[in-house]
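What the coordinates show
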Amino acid sequence: MAREEWLTIVRLQRRWRTRQPDRPPGRTYDLNGSHVTDKAGFYLAIGEAINGPGGYFGCDLDALNDCLRGRFGARTPFTSIWHDFQIARDSPATPFDGPDEPSTYYDVILSIFQDHDVAVVMR
């Protein structure tokens, strides 16, 4: 529950920050996956990877899609090195019944990254 509350604070606080231009395409961002055991953990980790501590980069799948289109700190294509990816994989998977077949929330995130030309290196 605490992570969802922190994600809400991060989302609301981003409105008050000075808008910085997106970093150019081709960058590499290190995503610390050591606490990615739920949805909020993922969004907090990607926000911090791209925009630093307390950074925002989406809070749900629609917002992630929006952020990957620019104006939220990064321009695609870029590379995300997802450290400790196995922690997310080993955590209880959140089922997601997509239009084609059932999958996990993390599978959907990886698909969204692929759709936006984000290379994910899992370590």
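For every chain, the first residue of its written sequence is number 1, and the numbers climb from 1 along that sequence. Given that the model is predicted, a residue must reach a pLDDT of at least 70 before its local features are reported, and side-chain atom pairs must reach 80 or more before they are shown or counted; all residues, however, enter totals for whole chains, interfaces and linings. Working from all heavy atoms in the structure, the side-chain values ignore hydrogens and water.

1. Focus: the packing of helix H2 (residues 39-51) against helix H5 (residues 105-115)
Going by this rule: Angular values range over 0 to 180 degrees, each being the angle between N-to-C directions of two axes fitted as lines to C-alpha atoms, with helices fitted over their stretch in contact. Secondary structure is summarised from DSSP: a helix means a run of H or I of at least four residues, a strand means a run of E of at least two, and numbering begins at the N terminus for each. An angle below 35 degrees is read as roughly parallel, one above 145 as roughly antiparallel, one from 65 to 115 as roughly perpendicular, and any other as oblique. The handedness criterion is simple: a crossing whose near helix is rotated anticlockwise from the far helix by less than a right angle is left-handed, and one whose near helix is rotated clockwise is right-handed. Contacts: residue pairs with any heavy atoms within 4.5 Å of one another. Classification convention: Asp, Glu, Lys, Arg as charged; Ala, Val, Leu, Ile, Met, Phe, Trp, Tyr, Cys, Pro as nonpolar; all other residues, Gly among them, as polar.
Running from amino to carboxyl end, H2 crosses H5 at an angle of 30°, the nearest separation of the two axes being 11 Å. Regarding the angle of H2 to H5, the classification is roughly parallel. At the point where H2 passes H5, the crossing takes the right-handed sense. For the pair formed by H2 and H5, the contact residues are Lys39, Phe42, Tyr43 and Ile46 on the first element and Tyr105, Tyr106, Ile109 and Phe113 on the second. Taken together, the residues of the contact of H2 with H5 break down into seven nonpolar, no polar and one charged.

2. Comments concerning the layout of surface pockets
Note the threshold: For each structure, a 1 Å grid was placed over the protein atoms alone; sets of points admitting a 1.4 Å probe that cannot get out are labelled cavities, open sets with protein on both sides within 12 Å along at least five of seven lines are labelled pockets, and lining residues have an atom within 4 Å of a point. Grid points are joined across faces, edges and corners, and a volume is the space filled by probe spheres set on the points.
Each pocket or cavity is described by its volume, and for the second largest pocket that value is around 250 Å³. Forming the boundary of the second largest pocket are 14 residues, of which Asn32, Gly41, Leu44, Ala45 and Glu48 lie nearest the centre. Elements supplying a minimum of two residues to the lining of the second largest pocket: helix H1 (2-13), strand E1 (28-32) and H2. Among the elements that make up the lining of the second largest pocket, the one with the highest residue count is H2 (five residues). For the lining of the second largest pocket, the class distribution of residues is six nonpolar, five polar and three charged.

3. Thoughts on the pattern of salt bridges
Our working definition: For salt bridges, the criterion is a side-chain nitrogen of Lys or Arg within 4 Å of an Asp or Glu carboxyl oxygen. To sort residues, take the accessible area from a 1.4 Å probe on protein chains only and compare it with the maximum for the residue type: under 20% means buried, over 50% means exposed, and anything in between is partly exposed.
For the structure shown, the criterion picks out three salt bridges. Residue Arg75 pairs with Asp22 through a salt bridge whose shortest N-O separation is 3.9 Å. With Arg75 in the loop between helix H3 (61-67) and strand E2 (78-83) and Asp22 in the loop between H1 and E1, this residue pair connects regions lying 53 residues apart in the sequence. A relative accessible area of 38% means that Arg75 is categorised as partly exposed. Across the salt bridge formed by Asp66 and Arg69, the nearest N and O atoms sit 3.4 Å from each other. With a relative accessible area of 42%, Asp66 lands in the partly exposed category.

Treat this as a map of the structure, not an account of what it does.
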